[in-house]
Amino acid sequence: MRNQLLSIALSASSLVTFAGSLNDTIPLHEVQFIQPGKTNIELIPLNSMRITAEQISRSTETSLLPVLVNKVPGLFVTERGMAGYGVSGGSAGTINIRGVGQGNKVLFMINGLPNWAGIYGHSLADTYTTTEVDHLEVVRGPSSLLYGSNAMGGSVNIITRDQDRNGFQGRARMMWGTHATQRYGISLGYRHNKFQATAGAQYDRSKNNRPGSDFWLANEVAQIRYNTSKNWNVGANINLTQSLARNPGATNEPLLSMWTHFFRGTAALYANNVYDRLKGGVQMYYSWGQHWVDDGYAPDAEPTDYIFRLSDFNRGFTAYETLNPWTGSDLSLGFDYKQYGGHAWNDLDKGGREEIIDRKETEVAGYLMLQQQLCEMMSVNAGVRLEHNTQFGNEWVPQAGFILHPVLNNTVKFSFSKGYRAPNLRELYLYRPANPNLNPEYMYNYDVEIRQRLLDGHLDIGLSLFFIDGKDMIQTSTVDGRPLNGNTGSFINKGVEFDATYIINRQWNANANYSYLHTSKPLLAAPRNKFNAEVNYNPGQFEFTAEVQSIWGLYTNVTSGTKNDYTLLNLRAAYNVDIAGICDAKIFVKGDNLTNKHYEINEGFPMPGATVMAGFEVKF
């Protein structure tokens, strides 16, 4: 604990000890954002933030999840090595917000469309890459009013890049580093007046920090858009990911020949409209996946005689419009239809197959939300969603709150919202604990956020308090001598979150965030304390970044009560150069965990010690 407190003290002091001039006015990045077509977020009292393309690029990461962990207080993601999260047994990539997330409770979207596995219901951590991403929109707390099930704990919306000028644009990046890690990426874009198109690809591979944990991933994206008039545009996009990950098992339970391979895709068509008092759109999407899994075997056991196979889907249609019926008002109406499911079986070595599941479920929902500006100091928000599921029937989802501006550059938000999650097909029908009579999980969230800007906008400080009351959580217990899933669980999570950004001058800036989480019962992937601090120095063509991350009170085994505490020091440096006025180039190097801290996030999967990556990027 002493080391963690010392690191926090040193990092916090760095926010105030760098001398600099305040004569240059540099606006902070807005923490509010606009949900694409769904509503006007300026009048919604949700706890939200935006991560910009600049922040993503400066991180030099190819996966979005480490960026989220560093920038968002209260958000945590499990890891098991230097590269890759995997699927199936021993996988990482569990995403929690405020201790809520395991079992598909945090919804990931691409341009507002859901992206998750159709049978198992979990998010797809390896598919969330930085390729062609413009920014991220994060809501801490339920987003179920707008997005329905799976947004119980919060949501992350991945917004892809548009072309901002006519002609061709492109970028390419190459990186090499520790554990034979290689990362390559390229993207191209073209715009001619009303038409634009982009395409990008990424390839990562690594031997990772443990023998037998090789990983590779390939990702391809493409999108087109055409402005049919000043009020309408139409478009299409597709996102494909392929990956192979080997898993040597936990250190205390090693495995031989355990690997997972998947191919996943998401495609969408859309049309959007924008008028003076009306805006909205329609979207159709189809997400699919194919998985191949060898479950492996213990060194003293016989090899398995099958390969697990999975083919799943998630498809739907959404329509939404926001009206301005009178001054200061936004009335949002929406309709969502989605169907998800799939087929799982074992391909037997001796021939034939062993069927496991072939099911699908359908959800239909409508929502209404009114936002009203009462005066310059206050706005209110209220809405409700009615969702119908073919398995459990109807679910009502309310949300309400207000925003105050009591003094100059000050904002106070309060919100009450209900989050819920429909049981996934695994919990309903798959394996021995399955129970087809499960009901949805739900929780009530109470949130207060206070935000103040000081020093002519150079300093932005935010403080959040939250209280979460969870009911009917799905747990496995023994009934009549056999395991059975049931709605028997409950929880209380409460805590405090803090974030600050200080733009000292044009060369120096710093940011930090901290979260404290108290839970009524021990939870995996939910640290009691999480702290990040970052200092950036940009002298001329150089860029330097120092970053500290401290985690303590992280359970890696709730049965034994095993906890893990760690502090990581990361450094990055880059040099920017203009090549004959043709393109911009950046040469960079980064080092992570430079103190060579030994720690685990998933029990039995030691994380890498000190690592180094170096590379270059070209923009044209």
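Up top is the structure these notes are about.
Presented here is a report on the structure given in the accompanying data block. (Residues numbered from 1 in each chain as written. Predicted model: local features only at pLDDT ≥ 70, side-chain atom pairs only at ≥ 80, totals over all residues. Heavy atoms only, no water.)

**Structural notes on the overall build of the protein chain**
Which entries qualify depends on this criterion: Going along the chain from the N terminus, every DSSP run of H or I of four or more residues is numbered as a helix, and every run of E of two or more is numbered as a strand. Radius of gyration here uses only the C-alpha atoms, and the compact-globule reference equals 2.2 Å multiplied by the residue count raised to the power 0.38. Using a 1.4 Å probe on the protein chains alone, a residue whose accessible area is under 20% of its type maximum counts as buried, one over 50% counts as exposed, and one in between counts as partly exposed. Contact criterion: two residues are considered in contact whenever any of their non-hydrogen atoms come within 4.5 Å of each other. Note on areas: Shrake-Rupley with a 1.4 Å probe; residue coverage comes only from the protein chains shown. Positive charges come from Lys and Arg, negative ones from Asp and Glu, while His and the chain ends are left out of the count. In plain terms, the charge of a residue is placed at NZ if it is Lys, CZ if Arg, CG if Asp and CD if Glu.
A tally of regular secondary structure across the protein chain gives five helices and 31 strands. Its C-alpha atoms give the protein chain a radius of gyration of 24 Å, within 12% of the compact-globule value 25 Å for 620 residues. Counting only C-alpha atoms, the protein chain reaches 75 × 55 × 55 Å along its principal axes. By residue count, 55% of the 620 residues in the protein chain fall in the buried class. Long-range contacts, defined here as pairs at least 24 residues apart, represent 62% of the contacts in the protein chain between residues at least 6 apart. Summing over all exposed atoms, the protein chain offers an accessible surface of approximately 25800 Å²; the carbon and sulfur share of this is 58%. Mean positive and mean negative side-chain charge positions of the protein chain (53 and 57 charges, respectively) differ by 2 Å.

**Comments concerning the sheet that holds strand β6 (residues 133–140)**
Pairing between sheet strands relies on hydrogen bonds along the backbone, with the strands arranged either parallel or antiparallel. Defined as follows: The criterion for strand pairing is that DSSP finds at least two bridges linking the strands in question.
The strand order across the open sheet formed by five strands is β1-β6-β7-β4-β5, and the pairing between neighbours is mixed. Of all the strands in the sheet, the pair left with one neighbour each is β1 (47–51) and β5 (113–114). Here two bridges tie strand β4 (residues 106–110) to β5, and the two strands are oriented antiparallel to one another. Opposite Ile-110, over in β5, you have Leu-113 as the bridge partner.

**Describing the packing of aromatic side chains**
Quick note on the threshold: In this scheme Phe, Tyr and Trp rings, the latter by its six-membered ring, pair at centre separations within 6.5 Å, and the angle between planes marks the pair as stacked below 30 degrees, edge-to-face above 60, and tilted otherwise. Consider the ring centre and the ring normal. A charge sits over the ring if Lys NZ or Arg CZ is within 6 Å of that centre and within 35 degrees of that normal.
Under the definition given, this model contains 16 aromatic pairs. Between Phe-168 and Tyr-190 the ring centres are 4.6 Å apart and the planes differ by 40°, which places this aromatic pair in the tilted class. Of this pair, Phe-168 sits in strand β8 (residues 167–177) while Tyr-190 sits in strand β9 (residues 181–192), and the two are 22 residues apart along the sequence. For Phe-168, a relative accessible area of 69% corresponds to the exposed category. What makes Tyr-190 partly exposed here is its relative accessible area of 28%. Taking NZ or CZ as reference, Arg-315 lies 4.2 Å from the ring centre of Phe-313, over its face. A cation over a ring is seen here: Arg-353 above Trp-345, with NZ or CZ 4.4 Å from the ring centre.

**Things to note about the side chain of Arg-58**
Checked against the element boundaries, Arg-58 lands in helix α2 (residues 53–59). According to the relative accessible area criterion, Arg-58 is buried, its value standing at 15%.

**Here we look at the pairing of β4**
For β4, the tally of buried residues reaches five of five residues, placing the bulk of the element in the interior. Side-chain alternation along β4 places Val-106, Phe-108 and Ile-110 on one buried face and Leu-107 and Met-109 on a second face that is also buried. Relative to strand β7 (residues 154–160), β4 runs parallel, the two being bridged by five bridges. Bridge pairing links Phe-108 to Val-156 in β7. The antiparallel pairing of β4 with β5 creates a hairpin that spans two residues between the two strands, and Asn-111 there sits at a positive phi of about 55°.

**With respect to empty space enclosed by the protein**
Let me state the cut-off plainly: A cavity here means a set of points on a 1 Å grid, drawn over the protein atoms and nothing else, where a 1.4 Å probe fits but cannot get out; a pocket is an open set with protein on both sides within 12 Å along at least five of seven lines, and a residue lines either one if it has an atom within 4 Å of a point. Grid points are joined across faces, edges and corners, and a volume is the space filled by probe spheres set on the points.
What the rule picks out here adds up to 13 cavities of 30 Å³ or more. Counted as a void, the largest cavity has a volume near 730 Å³. Around the largest cavity sit 41 residues that line it, and Glu-61, Pro-66, Glu-79, Met-82 and Asp-592 are the ones nearest its centre. Its volume calculated, the second largest cavity comes out at about 230 Å³. For the second largest cavity, the lining is made up of 24 residues, of which Ile-110, Thr-160, Val-221, Ile-238 and Asn-239 are closest to its centre.

**Let's talk about the environment of Lys-530**
We apply this condition: Each polar contact in these results corresponds to two N or O atoms within 3.5 Å; when the atoms are within protein, one needs to be able to donate a hydrogen and the other to accept it, and residues that are neighboring in sequence are counted only if both atoms are side-chain atoms.
Along the chain, the position of Lys-530 falls in strand β27 (residues 529–537). The buried category is assigned to Lys-530, whose relative accessible area is 1%. Residues Lys-530 and Leu-64 lie 466 residues apart in sequence; the distance between their C-alpha atoms is 18 Å. Residue contacts for Lys-530: discarding those within four places in its chain leaves Val-69, Val-72, Pro-73, Gly-74, Leu-75, Phe-76, Asn-513, Tyr-514, Ser-515, Ser-550 and Ile-551. A polar atom in the side chain of Lys-530 sits 2.9 Å from the backbone oxygen of Val-72.

**Regarding the side chain of Asn-505**
As for its placement among the helices and strands, Asn-505 is situated in the loop between β25 (482–503) and β26 (508–519). Only 2.8 Å separates the side chain of Asn-505 from the backbone nitrogen of Gln-507, close enough to count as a polar contact. A polar contact of 2.8 Å, which involves the side chain of Asn-505, links it to the backbone nitrogen of Trp-508.

**Concerning the pattern of salt bridges**
Convention followed: Within this document, salt bridges are pairs made up of a side-chain nitrogen of Lys or Arg and a carboxyl oxygen of Asp or Glu, the two lying within 4 Å of each other.
For the structure on display, the rule yields 31 salt bridges. Between Asp-347 and Arg-309 there is a salt bridge whose closest N-O contact spans 3.5 Å. Pair noted here: Asp-347 is in strand β18 (residues 329–348) and Arg-309 is in strand β17 (residues 306–323), with a separation of 38 residues, a long-range link. Assessed through its relative accessible area of 26%, Asp-347 is described here as partly exposed. We note a salt bridge from Arg-451 to Asp-499, for which the minimum N-O separation is 2.9 Å. With Arg-451 in strand β23 (residues 441–454) and Asp-499 in strand β25, this residue pair connects regions lying 48 residues apart in the sequence. Like Asp-499, Arg-451 is buried. Residues joined by salt bridges that share partners form a network here, namely Lys-413, Glu-449, Arg-451, Arg-453, Asp-460 and Asp-499.

**Thoughts on the pairing of β6**
Burial analysis of β6 places seven of its eight residues in the buried class, the great majority of the element. As paired strands, β1 and β6 are joined by five bridges and run antiparallel to one another. Residue Asn-47 lies in a different strand from β6, and its bridge partner there is Arg-140.

**So, the environment of Asp-126**
Locating Asp-126 in the fold gives a position in the loop between β5 and β6. Since its relative accessible area comes to 7%, Asp-126 is described here as buried. With 41 residues separating them in the primary sequence, Asp-126 and Tyr-85 have C-alpha atoms 6.0 Å apart. The residues touching Asp-126, leaving out its near neighbours within four places in the chain, are Gly-84, Tyr-85, Gly-86, Phe-215, Leu-217, Thr-241 and Phe-262.

**Quick notes on helix α3 (residues 64–71)**
Where burial is concerned, most of α3 is hidden: eight out of the eight residues are buried. For α3, the N-terminal capping position is held by Ser-63, with its side-chain oxygen 3.4 Å away from the main-chain nitrogen of Leu-65.

**Some thoughts on unusual backbone geometry**
Even without being glycine, Asp-472 reaches a positive phi, approximately 55°. In this structure, Asp-472 sits in strand β24 (residues 459–479). You can call Asp-472 partly exposed: its relative accessible area is 30%.

**Regarding a nonpolar patch on the surface**
Operational definition: Candidate patch residues must exceed 30% relative accessible area and have no salt bridge, after which like charges are joined if within 9 Å and Val, Leu, Ile, Met, Phe, Trp or Tyr side chains if within 5 Å.
A contiguous nonpolar patch, built from Met-174, Trp-176, Phe-542, Phe-544, Tyr-575, Ile-587 and Phe-616 and spanning about 620 Å² of accessible area, is present on the exposed surface. Residue assignment for the nonpolar patch shows that the elements contributing at least two residues are β8 and β28 (542–557). Tracing the backbone shows Met-174 in strand β8.

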